Amino acid sequence: MNEARLEQTVLFMTGSTGFIGKETVKQLVEKTDIHMLLLVRSERRARSVLESYGVGSFERITFIEGDLSLTGLGLVQADRERIRKANVILHAGGTMDVTLGRETAEKIFMHGAREIAQLAQDMKRNGGLRHFIHVVGYMSPYGHGNGQEEQEQVENNHAGSQESAYEEMKFKADAYIRLHAKQHGYPLSVVNPSTVVGPRPTGETEQTGGIGLLIGAVQKGFMPVVPGGSSYWLPLVENDVVAETLVFLIRDEAPFGGTYPMLARKEESPDMKELLHLITKQLDMPRPAGALPLSWIQRLMSLGGSRISGIPSQSLAFITDKTFPVEETEALMQRMGRSWPDIREQLPFIVADLDYRLLSKPEAEHAPTDYMRVRMGNLTFLGWEGEGEPWVIVHGLLQCADDLLPLGSQLHRLTRNPVWIVDLAGFGRSPVHQAEDAFTGQVNALVEALSEIQVPIKLVGHSIGAAIAAAALKRSGRTDIRLALLQPVADNVNEGNNGRLKQMLHLPRRVVRTLLRSNSRSSWARMFSAGGEEAGDKIGVTRLAERVQTYLRSPRIAGAHVDLLRWIHLGHKQTVSFWDEFGSFKQAAYDANRLVIWAEKDQEYHFPASLHAGYTKVELPYGHYFPVFQVEQTAEILLDWAGESDVNNNRHGV
């Protein structure tokens, strides 16, 4: 490949702020020297979106404001002339919304296709167009026959249809661009992504309109059967795989064009039965009982099922019994030096991410937004990179990693150490563990995750997270981990205050989960207030109560809570003398440097007596959730314990 020529590549791109587009821009910045002309409606918003996604440099990016739905794309003449000097087009623009009306869909897709094709014609006339790359959905019927015949056939099939304007207009745009490329003689590569999910390793799937609709239906209990049965499937592809393919095609010095469905072979992919079994397992919901023909389900949804479930009938269009010609794609992958990844390993993270994302959680007051997300083992971590010994924080019940972001941000700001807050298995964005014992499963998952941090660690656990952290430290056998326990919980329950809860936990698990999920926001707020949380922070208590109620709408998160509550209150064999046993655990390097912070107003638990010996104990006049509400004071105590108060003072000139 002629690198000198590639350095002269100028790419004109639409859809740069979309789910595929952002990843493509990021990879182009990181892997190439290509200059990009990005068509955006607002430069300020586009820059913000790309920065948030992790695009670190804009030296080779020029934003051009315009709109696919406007005449001439709404371009000023100077920008039009600039675009005409590009030699590669990547057209990936268009709203991902299966419910778009016909008029809107036509403006975005068909009008946009005509305008982009006219630019391609101008570039071709100027002798500069090397390659046109078009991104369009995998259900498009084009690319395997005569373009004119295919266009006429599909136009006849869709005539008068009101059902799927989104897909119809995307497919018509595909046909139009194919015919235009043939008439004007420029190389055209059409990339057909299947349902797009998040990249490895985290599976962050912000585009909730594809598989998210299916997960939402399972989450709400509206998927009791397998749509179509095991002969149907939902093809999936990660957005980084699509982006890597697009980058390769953009860099191709002598493109010959082609059609590239971005999906695995049907026989190598999970069918609908396997997919739904995996989803229901992760969401802690019953497996579907049998199957129904897809046409029956579509009919039921059109007769009012969509209004009841909130799931648009068009969402079923992504489920198919078709096979797709993937020979060209496999040949392209071979040229790229890679093979098609198996989606199964990634699916638990995709399901957990979408389950959590679909909850529409209220944000914690003053919650930071500059954190990053990583995967360690089979757990999701939120936090910040830095220098020095990292902090790892483990949340407790009625929380996830988000709730401790203010504490993590404070520690990072004051120390510049790496700070990572873990989502326990089944909480937040982490998949459920598969162990029979709830506590053992959590401990094993944390041990595996910590094994990826091969440096000394400051490990901080709150509530049940403190017990999990303590057990993980013991099981790991490591001597380079310092441990701080915040309101540690295991066998130290105040039975008088928990009698009613204990009775409830004896009920069948599914009944307990339902009762937990039905608890109102006001009842959670009363519990926090009665538990000694800061009376003056009524807004904070209300927000936490609202978040807890929202978290528990997820059957996955509610089930994880039930299992740990049962371990605490009913698991006598596992929990009796937990702290006595841990109190006798010797870790030579740090035996004299363990911290326990205890809030005296906690009415649910008493202080574990065995921790009096060998621990630095700090008492606070607060309630159980002080790390959420008393962020600065908690951080100050942790810094003093870690011996970093002097470092912090020096940094600030004290």
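Residues numbered from 1 in each chain as written. Predicted model: local features only at pLDDT ≥ 70, side-chain atom pairs only at ≥ 80, totals over all residues. Heavy atoms only, no water.

Along the backbone of the chain there are 26 helices and 19 strands. Every one of the 654 residues in the chain was classed for burial, and the buried ones make up 58%. Restricting the contact set of the chain to residue pairs at least 6 apart, pairs at least 24 apart contribute 80%. (Helix = DSSP H or I, 4+ residues; strand = E, 2+ residues; numbered from the N terminus. Buried < 20%, exposed > 50% of the residue type's maximum accessible area, 1.4 Å probe, protein only. Contact = heavy atoms within 4.5 Å.)

The next thing to look at is the packing of helix H2 (residues 19-31) against helix H9 (residues 239-251). Running from amino to carboxyl end, H2 crosses H9 at an angle of 55°, the nearest separation of the two axes being 8 Å. Overall, the two elements H2 and H9 adopt an arrangement that is oblique. The two elements H2 and H9 cross, and the hand of that crossing is right-handed. Each of Phe19, Ile20, Glu23, Thr24, Gln27, Leu28 and Lys31 in H2 lies in contact with H9, whose residues at this interface are Asn239, Asp240, Val242, Ala243, Glu244, Leu246, Val247, Ile250 and Arg251. (Axes fitted to C-alpha atoms, helices over the stretch in contact; angles between N-to-C directions. Parallel < 35°, antiparallel > 145°, perpendicular 65-115°, else oblique. Left-handed = near helix turned anticlockwise from the far one by under 90°.)

To continue, consider the sheet that holds strand S15 (residues 419-423). Spatially, 8 strands are ordered S12-S13-S15-S14-S16-S17-S18-S19 in an open sheet, and the strand pairing comes out mixed. Looking along the sheet, the strands with just one partner apiece sit at the ends: strand S12 (372-376) and strand S19 (616-620). The sheet shows a mean angle of 20° between the axes of neighbouring strands, taken without regard to direction. This element, helix H25 (residues 631-642), spans strand S14 (391-394), strand S16 (457-462), strand S17 (481-486), strand S18 (595-599) and S19 of the sheet and lies at about 150° to S17. (Pairing = 2+ DSSP bridges.)

Glancing now at the sheet that holds strand S1 (residues 10-14). Taken together, 7 strands build an open sheet; the order of strands is S3-S2-S1-S4-S5-S6-S10 and the sheet is parallel. A single partner strand is all that each edge strand has here, and the edge strands are strand S3 (61-65) and strand S10 (258-262). Across this sheet, the average inter-strand angle for adjacent strands is 15°, counted without regard to direction. Relative to strand S5 (residues 131-135), strand S4 (residues 88-91) runs parallel, the two sharing 4 bridges. Its bridge partner lying in S5, Val88 is registered against His131. Strands in contact with helix H4 (residues 77-84) are S1, strand S2 (35-40) and S3; relative to S3, the strand with the most contacts, it is inclined by about 135°.

Quick look at the packing of H2 against helix H3 (residues 43-53) now. Running from N to C, H2 and H3 point in directions that differ by 70°, and their axes come no closer than 10 Å. Classed by the angle they form, the pair H2 and H3 counts as roughly perpendicular. Only Val49, Leu50 and Tyr53 of H3 make contact with H2, whose side of the interface consists of Lys22, Glu23, Val25 and Lys26.

Using the criterion set out here, one finds 12 aromatic pairs in the structure. Taken together, a centroid distance of 6.0 Å and an interplanar angle of 85° make the contact between Trp567 and Phe578 edge-to-face. Here the residue Trp567 occupies a position in helix H21 (residues 555-569), and Phe578 occupies one in helix H23 (residues 578-583), the gap between them amounting to 11 residues. Each member of the pair, Trp567 as well as Phe578, carries the same accessibility label: buried. Taken together, Phe439, Trp567, Phe578 and Trp579 form an aromatic cluster joined through their ring pairs. (Phe/Tyr/Trp six-rings, centres within 6.5 Å; stacked < 30°, edge-to-face > 60°.)

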